[in-house]
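# Structure at a glance
In case you want the letters, here they are:
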Amino acid sequence: MGKMLNLSNIACRSLSVAVPIPERIVPLDTILPDEPLLLMGAGPVPVPARVAQANSMVINPLGETMAQVIDQVKVMSRYVFQSDTARILGVTGSGSVAMEMAIANLVSPGSSVLSIVNGFSSDRLAEMAERLGARVIRMLVQDGRTADPEEVRKHLERHRPKVLTLVQGETSSTVLNRYLKEMAQIAREHECMVVVDAVCTLSTMPLNMEEWGIDAVITAGQKGLASIPGVSLVAFSRLARDFIRNRSDRIPHWCLDANLADCFWRRKSYRYTAPVSGILALHEALRLICNETLDKRFHRHQCCSHALQAGIGNMGLSLFAGPRARLDSVVGISLPTGVESSRLLTHMAQTPIGSKYRGPSDWILSGSARWVNRAVHTTYFALSMRWAPACLHWASGSTFLRGSPRWKAPWVPVFLMTRRRMLCLAC
Ligand SMILES: Cc1ncc(COP(=O)(O)O)c(C=O)c1O
């Protein structure tokens, strides 16, 4: 008979551990606040319970169950991106990784790229193309303005780029590129592929990828889709797909190679271990959008945003972007005179109401009231909380705003603020 193995002896003999177990390990329950948690990124998002629940599950990254989930994600995405023929690929990573995937596959070293820049995210697309060795021409759009299609036409004629990059909604300046459809059309006439960042707009306002002739649309989980961060989507048009397939050079990033991504997203085989929970969460987020329908969702976002904008106006504050260039999903408020942005930033950094990142030229504090979209009445609740007067009152040290600010609000839905004197809310 073989010798029995004594496992307890093996466990006890583990004397090679030099660093002891930390003395104070705090359970997550103790760290998390009681109130509902928003995803406090650049535009806080209320993650629906169904999505959060899906995110807590684990399944086999390969196999029949995952194959079914992926098939559904692709089918539902085609509705959300409004394209029957798009090649949908999931990306393990944030929206920026999805941006890089679109750029890495469509931009070849030495080729020319025209980038419409209205802020931080659109500039990031330009930088990504530069890092790939492309010759990038930046078309800078004046603060708070929407890009002009005729200006784009002139740039296309002058520079003859192979790729045009732009954002539909620029979070950092709260600007909407209203004439996206027209600009895509002009780009097509100039045989230029169009890459659109729709991170904060997809499923909050119309974007018809196929009809408008867009070649790559990028989105992240945590913004318009109201899923979790870390799993994103890119949709490539037929033209883009052919371009990628026929490229003679090798795409420099193995992880971002769209041809290789087909292994998992089309052929259901191993490429790298898929972020299973994030994909399940994305499935649920897409399902909720399909259940609601895009039309109703657009309407809800618009109603909430307009109510929010009207409420902000009634507080005596003015909006940053002009009406023609104003994004509904992220609303920017001009800082009134007398409010010191550095004090406001300090205050916000000390309270759990926002997060701070460095913009191209400004410090930006970000957050949103996207959660107000869950129901129209919550928009009015957001306004009734009067967070803006509260913060501004504090920052100005004065009483320029009527009424007493309600500091005791359980959680504050806000914001985004730059040295350019702007505060932002998102819907
Ligand atoms: C319009 C837009 N594009 C891209 C990104 C980048 O997404 P992520 O932070 O997930 O990398 C953001 C995020 O703030 C954004 O608002």
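Residues numbered from 1 in each chain as written. Predicted model: local features only at pLDDT ≥ 70, side-chain atom pairs only at ≥ 80, totals over all residues.

## What to know about the overall build of the protein
The helix and strand inventory of the protein stands at 16 helices and 15 strands. Counting every position in the protein, which comprises 427 residues, the buried fraction comes to 46%. Summarising the internal contacts of the protein: among those between residues at least 6 apart in sequence, 71% fall at separations of at least 24. (Helix = DSSP H or I, 4+ residues; strand = E, 2+ residues; numbered from the N terminus. Buried ≥ 20, exposed ≤ 12 C-beta atoms within 10 Å, placed from the backbone. Contact = placed C-beta atoms within 7 Å.)

## Some thoughts on the confidence of the model for the protein
Summarising the model, the protein shows a mean pLDDT of 80, and 74% of its residues fall at 70 or more. Scored below 50 in pLDDT, residues 352-424 makes 179 contacts in the model with residues more than four places away or belonging to other chains. (pLDDT = per-residue confidence, 0-100.)

## So, the environment of Leu-233
Looking at where Leu-233 falls in the secondary structure, it is placed in strand β9 (residues 231-236). It is 9.7 Å that separates the C-alpha atoms of Leu-233 and Met-101, two residues lying 132 residues apart in sequence. Those residues in contact with Leu-233, other than ones at most four positions away along the chain, are Ser-77, Ile-88, Gly-90, Val-91, Ala-98 and Thr-219.

## What to know about the sheet that holds β9
Spatially, β1-β9-β8-β7-β4-β2-β3 is the arrangement adopted by the seven strands of the open sheet, whose pairing is mixed. Edge positions in the open sheet fall to β1 (87-92) and β3 (135-140), since each of these has one partner strand only. Along the sheet, successive strands turn relative to each other by an average axial angle of 20°, direction set aside. In this sheet, β3 lies alongside strand β2 (residues 112-117) in parallel orientation, the contact comprising six bridges. Looking at the pairing, Ser-112 lines up with Arg-135 of β3. (Pairing = 2+ DSSP bridges. Axes fitted to C-alpha atoms, helices over the stretch in contact; angles between N-to-C directions.)

## Let's talk about the packing of helix α4 (residues 64-81) against helix α12 (residues 276-292)
Contact pair α4 / α12: the axes reach a minimum separation of 9 Å and the direction vectors enclose 40°. Of the possible angle classes, the one that applies to α4 and α12 is oblique. Regarding α4 and α12, the two cross each other, and that crossing is left-handed. Across the interface between the two elements, Val-69, Gln-72, Val-73, Met-76, Ser-77, Tyr-79 and Val-80 from α4 touch Ile-279, Leu-280, Leu-282, His-283, Leu-286, Arg-287, Ile-289 and Cys-290 from α12. Here the contact of α4 with α12 is built from residues that sort into 11 nonpolar, three polar and one charged. (Parallel < 35°, antiparallel > 145°, perpendicular 65-115°, else oblique. Left-handed = near helix turned anticlockwise from the far one by under 90°. Nonpolar A, V, L, I, M, F, W, Y, C, P; charged D, E, K, R; others polar.)

## Considerations on the packing of helix α5 (residues 95-106) against helix α6 (residues 120-131)
Where α5 meets α6, the closest approach of the two axes is 10 Å, and the angle between their N-to-C directions is 50°. For the element pair α5 / α6, the angle class is oblique. With respect to the hand of their crossing, α5 and α6 are arranged in right-handed fashion. When α5 is examined against α6, the residues Ser-96, Met-99, Glu-100 and Ile-103 are found in contact with a partner set consisting of Arg-124, Leu-125, Met-128 and Ala-129. Looking at the contact of α5 with α6 residue by residue, the class counts come to five nonpolar, one polar and two charged.

## Re helix α7 (residues 149-159)
An α-helical turn contains 3.6 residues, so any two residues separated by three or four positions project in the same direction. Regarding α7, the residues found buried are Val-152, His-155 and Leu-156. Considered in projection along α7, the buried side chains sweep an arc of 100° and stay on one side of the axis. Of the residues in α7, the exposed ones pointing more than 90 degrees away from the buried face are Glu-150, Lys-154, Glu-157 and Arg-158. Buried residues along α7 sit against β2, β3 and α8 (180-189). Directly beyond the C-terminal end of α7, a positive phi value near 50° is found at Arg-160. (Arc of directions from axis to C-beta.)

## Details of unusual backbone geometry
Even without a glycine there, the phi angle at Arg-160 is positive, about 50°. Judged by the 12 C-beta atoms lying within 10 Å of it, Arg-160 is exposed. Its identity is not glycine, yet Ala-226 carries a phi of approximately 55°, on the positive side. As for its placement among the helices and strands, Ala-226 is situated in the loop between β8 (216-219) and β9. On the basis of neighbour count, Ala-226 is assigned to the buried category, with 25 C-beta atoms found within 10 Å.

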